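Fold and contact review
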Amino acid sequence: MKKSRLNLLIISIIIFISCKEKGIWDDNIHLSTKAAEFSASGDSVTIKTGGNWWWVSDVSVDTTWYYGFVGVDLQSDNYTIKQNCFDVERRDKNTLFIKVDANPNNVKRIITVGLEAGDYFDRVTITQKPK
């Protein structure tokens, strides 16, 4: 009887572990907003965070991805990532600022800013109107 209970316990533990998603933490960034709509002429947004231990992991503009930001200390409390059409700035531990230049295209532009905090990932999506 004890052996069957032990086997049942072991099987239950194995099932529990195999069903649990690995590498996913609860939200520890707590973004004030995850989406914004910008005008065609350019715009900006300031987003507050509830957590203070996070960094920018990537930025995309339509199908172009930016990551591995050379010369940027992502562990710092403040830094700026500049590319040809956007500025992404961590102003302090709880403030993310995103500025996008005018959209020169006749179609909407989608900009995403990926954030990471340990093993939690989140994203701010900006939809910019066409010119």
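These remarks concern the structure in this document. (Residues numbered from 1 in each chain as written. Predicted model: local features only at pLDDT ≥ 70, side-chain atom pairs only at ≥ 80, totals over all residues. Heavy atoms only, no water.)

Examining the pairing of strand E6 (residues 86-92)
The test is simple: Criterion used throughout: strands pair if DSSP finds at least two bridges between them. Helix and strand labels come from DSSP, where a helix needs a run of H or I of at least four residues and a strand needs a run of E of at least two; each type is numbered from the N terminus.
Sheet topology places strand E5 (residues 79-82) next to E6; 4 bridges connect them, and they run antiparallel. Bridge pairing links Lys82 to Asp87 in E6. Between E5 and E6, which pair antiparallel one after the other, the connecting turn spans 3 residues. Looking at chain direction, E6 and strand E7 (residues 95-100) are connected through 6 bridges and run antiparallel. Counterpart to Asp87 in the pairing with E7 is Lys99. Connecting E6 to the antiparallel partner E7 that follows it, the hairpin turn spans 2 residues.

Details of the packing of aromatic side chains
Filter applied, for reference: Between rings of Phe, Tyr and Trp, where Trp is taken as its six-membered ring, a pair exists when centres lie within 6.5 Å; planes separated by under 30 degrees are stacked, by over 60 edge-to-face, and by other angles tilted. Exposed residues in this analysis have more than 50% of their type's maximum accessible area, buried residues have under 20%, and partly exposed residues fall in between, with area computed by a 1.4 Å probe over protein chains only.
By the definition in use, this model includes 3 aromatic pairs. For the ring pair Trp25 and Trp53, a centre distance of 6.4 Å and an interplane angle of 25 degrees mean the geometry is stacked. Of this pair, Trp25 sits in the loop between helix H1 (2-19) and strand E1 (35-38) while Trp53 sits in the loop between strand E2 (43-48) and strand E3 (55-61), placing them 28 residues apart in sequence. Here Trp25 falls in the partly exposed class, since its relative accessible area comes to 44%. On the numbers, 5.3 Å between centres and 70 degrees between planes, the contact of Tyr66 with Phe86 is edge-to-face. Placement of Tyr66 in strand E4 (residues 64-66) and of Phe86 in strand E6 is noted, with a sequence separation of 20 residues between them. As far as the burial class goes, Tyr66 and Phe86 line up, both buried. Ring pairing ties together the aromatic residues Trp25, Trp53 and Trp55, which thus form one cluster.

Remarks on the nonpolar core
Which entries qualify depends on this criterion: Nine residue types can take part in a nonpolar core, namely buried Ala, Val, Leu, Ile, Met, Phe, Trp, Tyr and Cys, and a core is a set of them joined through side-chain atoms within 4.5 Å. Residue contacts are defined here by distance: any two heavy atoms, one from each residue, within 4.5 Å place the two residues in contact.
Core analysis: the biggest nonpolar cluster contains 28 residues, and Val56, Val59, Phe86, Val88, Leu96, Ile98 and Val113 have the highest contact counts within it. Listed by contribution, the elements that provide at least two residues to this core are E1, E2, E3, E5, E6, E7, strand E8 (109-117) and strand E9 (120-128). Setting aside anything within four residues of it in sequence, one finds Val113 in contact with Val56, Asp58, Val59, Val88, Leu96, Ile98, Asp122, Arg123 and Val124.

A look at the sheet that holds E3
To be explicit about the condition: What counts as an axis is a line fitted to C-alpha atoms, over the stretch in contact for a helix, and the angles between N-to-C directions run from 0 to 180 degrees.
With respect to topology, 5 strands assemble into an open sheet ordered E1-E9-E8-E3-E4, the strand pairing being mixed. Pairing within the sheet leaves two strands with one partner each, and these edge strands are E1 and E4. Geometrically, the sheet is characterised by an average inter-axis angle of 20 degrees between neighbouring strands, direction not taken into account. As defined by bridge partners, E3 adjoins E4 across 3 bridges and the pair is classed as antiparallel. Its bridge partner being in E4, Val59 is matched across the sheet by Tyr66.

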